[in-house]
Amino acid sequence: MGRVAYVNGRFARHAEAAVHIEDRGYQFSDGIYEVWAVFDGKLVDSAGHFARLKRSLDELRIAQPMSEAALRIVLAQMVRKNRVRDGMLYLQVTRGVAPRDHPFPVPAPAPAVVITAKSVDHAAAEARAAVGAAVITVPENRWGRCDIKTVGLLPNVLAKQAAREAGAVEAWFVDDLGLVTEGASSNAWIVDQSGALRTRDIQANILRGVTRSRLLALAAELGLPLEERPFTPDEAKLAKEAFITGAGTLVLPIVRIDDSKVGDGIPGPMAKRLRRLYIDHARREADVQ
Ligand SMILES: Cc1ncc(COP(=O)(O)O)c(C=O)c1O
């Protein structure tokens with residue numbers, strides 16, 4: 001069997017896996033998702049992702065579709081069935097299938113669960129990280145609950161497309177105060193002029209990145225200067241270094257913001273060190289929480 005997806009309790013061939021046309025995720029974006037990096041066949045920072053999954057569901061009052069223990073078994077099966085050594089697991093839970101009507105359906109349908117797995121070529125990712133990437137800045141236009149990892153991602157889609165058309169990999173949202181919130185699918189960081197690591201605080205309207213939290217903890221262990229404090233695009237352009245974090249990008253050096261080179265226009269020593277640190281952690285600690 002080739003690539004396999006999980007849909008509502010069944011494994012299906014990826015190419016044929018499908019959900020109902022009245023799935024509320026499809027009609028209203030009434031659902032959430034979670035993404036785990038997989039290293040050596042095991043989940044990275046799994047506890048943080050499970051905790052955020054539960055929180056996203058609770059915030060939207062969608063029932064937990066299964067226990068964490070059961071979900072761990074299904075995720076492990078997906079890793080095995082798809083022969084993933086290094087890769088990504090994507091889980092989506094929607095409020096389920098019901099005749100189209102905005103309020104929550106009564107009685108509540110069973111939440112709909114979809115899981116996909118894919119392999120990632122870490123050597124290629126490493127080569128990209130060695131060169132560094134570009135970001136653009138775009139006005140923040142998302143809703144006020146970016147702390148929920150909802151599948152409603154249209155502003156993120158449009159921002160990413162603008163980035164792609166500008167030859168960049170990511171778009172950083174800039175809020176009404178002129179401060180960077182985060183990327184369309186990653187958290188934003190700089191190494192400021194004083195050498196401190198800076199990333200937006202989680203009181204702001206951002207997703208609480210699991211990679212972000214882990215990297216803060218790893219950097220704190222090393223005694224690196226850290227500040228959960230916002231920065232402007234201009235501060236970022238004048239920063240010593242910049243980078244992004246996420247389960248997909250891990251730690252990716254940013255060498256250009258809009259039309260400005262960051263530092264010397266090559267990945268900086270801190271971003272490279274933190275990428276190594278996070279990947280070492282991922283290989284060592286995968287599924288050990
Ligand atoms: C908007 C946004 N911010 C931040 C992140 C990074 O979160 P994590 O490190 O948990 O993958 C993501 C990941 O998808 C995201 O979509």
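Structure: above.
The structure reproduced in this document is the subject of the present report. On a predicted model such as this, the values are computed, not experimentally measured, just so you know.

### Side note on the overall build of the protein
So, step 1. Regarding its fold elements, the protein presents 8 helices and 15 strands.
So, step 2. For 289 residues, the compact-globule formula gives about 19 Å, and the C-alpha radius of gyration of the protein, at 19 Å, lands near that figure.
So, step 3. Taken along its principal axes, the extent of the C-alpha atoms in the protein is 55 × 40 × 35 Å.
So, step 4. Out of the 289 residues belonging to the protein, those deemed buried represent 50%.
So, step 5. Long-range pairs, those at least 24 residues apart, make up 71% of the contacts in the protein between residues at least 6 apart in sequence.
So, step 6. Of the roughly 13,800 Å² of accessible surface on the protein, 55% is carried by carbon and sulfur atoms.
So, step 7. The averaged location of the 35 negative side-chain charges in the protein is 5 Å from the averaged location of its 39 positive side-chain charges.

### Let's talk about the packing of aromatic side chains
So, step 1. Counted by the stated rule, this structure contains 5 aromatic pairs.
So, step 2. With centroids separated by 5.1 Å and ring planes inclined at 55°, the aromatic side chains of Trp36 and Phe50 adopt a geometry described as tilted. With a gap of 14 residues between them, Trp36 in strand 3 (residues 31-39) and Phe50 in helix 2 (residues 46-60) connect regions that are remote in the sequence.
So, step 3. Residue classification places Trp36 among the buried residues on the basis of a relative accessible area of 0%.

### What about the pattern of salt bridges?
So, step 1. One pass over the structure, following the stated rule, counts 26 salt bridges.
So, step 2. As a salt-bridge pair, Arg212 and Glu228 come within 2.7 Å of each other at their nearest N and O atoms. Of this pair, Arg212 sits in helix 6 (residues 210-221) while Glu228 sits in strand 12 (residues 226-228); the two residues are 16 residues apart in sequence, bridging distant segments of the chain.
So, step 3. Given the relative accessible area of 2%, Arg212 is considered buried.
So, step 4. The partner of Glu285 in a salt bridge is Arg284, and the shortest N-O contact between them spans 3.5 Å.
So, step 5. Overall, Glu285 belongs to the partly exposed group, its relative accessible area being 26%.
So, step 6. Through salt bridges that share partners, Asp40, Arg85, Asp86 and Arg283 make up one connected network.

### Remarks on the site of the ligand
So, step 1. The immediate surroundings of the ligand are formed by 18 residues, with Arg52, Lys149, Glu182, Val210 and Thr211 found nearest.
So, step 2. Contact distances for the ligand include 2.6 Å between an oxygen atom and a side-chain N or O atom of Thr211.
So, step 3. Ala247 places a main-chain nitrogen or oxygen 2.8 Å from an oxygen atom of the ligand.
So, step 4. For the ligand, whose unbound accessible area comes to 390 Å², protein coverage reaches 93%.
So, step 5. When its residues are assigned to classes, the shell around the ligand shows 5 nonpolar, 9 polar and 4 charged.

### Some points on the environment of Pro103
So, step 1. Note on placement: Pro103 falls in the loop between strand 5 (87-94) and strand 6 (112-119).
So, step 2. Taking C-alpha positions, Pro103 is 29 Å from Gln203, a pair spaced 100 residues apart along the chain.

### Quick notes on the environment of Val113
So, step 1. Position of Val113 relative to the elements: it lies in strand 6.
So, step 2. Through-space distance from the C-alpha of Val113 to that of Tyr26 is 13 Å; in sequence the pair is 87 residues apart.
So, step 3. Excluding residues within four positions of it along the chain, Val113 makes contact with Tyr6, Val7, Asn8, Pro65, Met66, Leu91 and Gln92.

### Re the sheet that holds strand 5
So, step 1. Pairing is antiparallel across the open sheet formed by 6 strands, whose spatial order is 2-1-6-5-3-4. Single-partner strands in this sheet number two, and they are strand 2 (10-13) and strand 4 (42-43).
So, step 2. Where strand 3 lies against strand 5, 8 bridges are found, and the strand directions are antiparallel. Within strand 5, the residue paired with Tyr33 across the bridge is Gln92.
So, step 3. Sheet strands in contact with helix 2 are strand 3, strand 4 and strand 5, and its direction is about 175° off that of strand 3.
So, step 4. The strands that helix 3 (residues 68-81) touches are strand 1 (4-7), strand 2, strand 3, strand 4, strand 5 and strand 6; relative to strand 6, the one it contacts most, it runs at about 35°.

The rules we used
- Residues numbered from 1 in each chain as written.
- Predicted model: local features only at pLDDT ≥ 70, side-chain atom pairs only at ≥ 80, totals over all residues.
- Heavy atoms only, no water.
- Helix = DSSP H or I, 4+ residues; strand = E, 2+ residues; numbered from the N terminus.
- Rg over C-alpha atoms; globule rule 2.2 N^0.38 Å.
- Buried < 20%, exposed > 50% of the residue type's maximum accessible area, 1.4 Å probe, protein only.
- Contact = heavy atoms within 4.5 Å.
- Areas by Shrake-Rupley, 256 points an atom, 1.4 Å probe, with all protein chains shown as cover.
- Lys, Arg positive; Asp, Glu negative; His and termini not counted.
- Charge placed at Lys NZ, Arg CZ, Asp CG, Glu CD.
- Phe/Tyr/Trp six-rings, centres within 6.5 Å; stacked < 30°, edge-to-face > 60°.
- Salt bridge = Lys/Arg side-chain N within 4 Å of Asp/Glu carboxyl O.
- Near = heavy atom within 4 Å.
- Polar contact = N/O pair within 3.5 Å; in protein donor to acceptor, adjacent residues only side chain to side chain.
- Nonpolar A, V, L, I, M, F, W, Y, C, P; charged D, E, K, R; others polar.
- Pairing = 2+ DSSP bridges.
- Axes fitted to C-alpha atoms, helices over the stretch in contact; angles between N-to-C directions.

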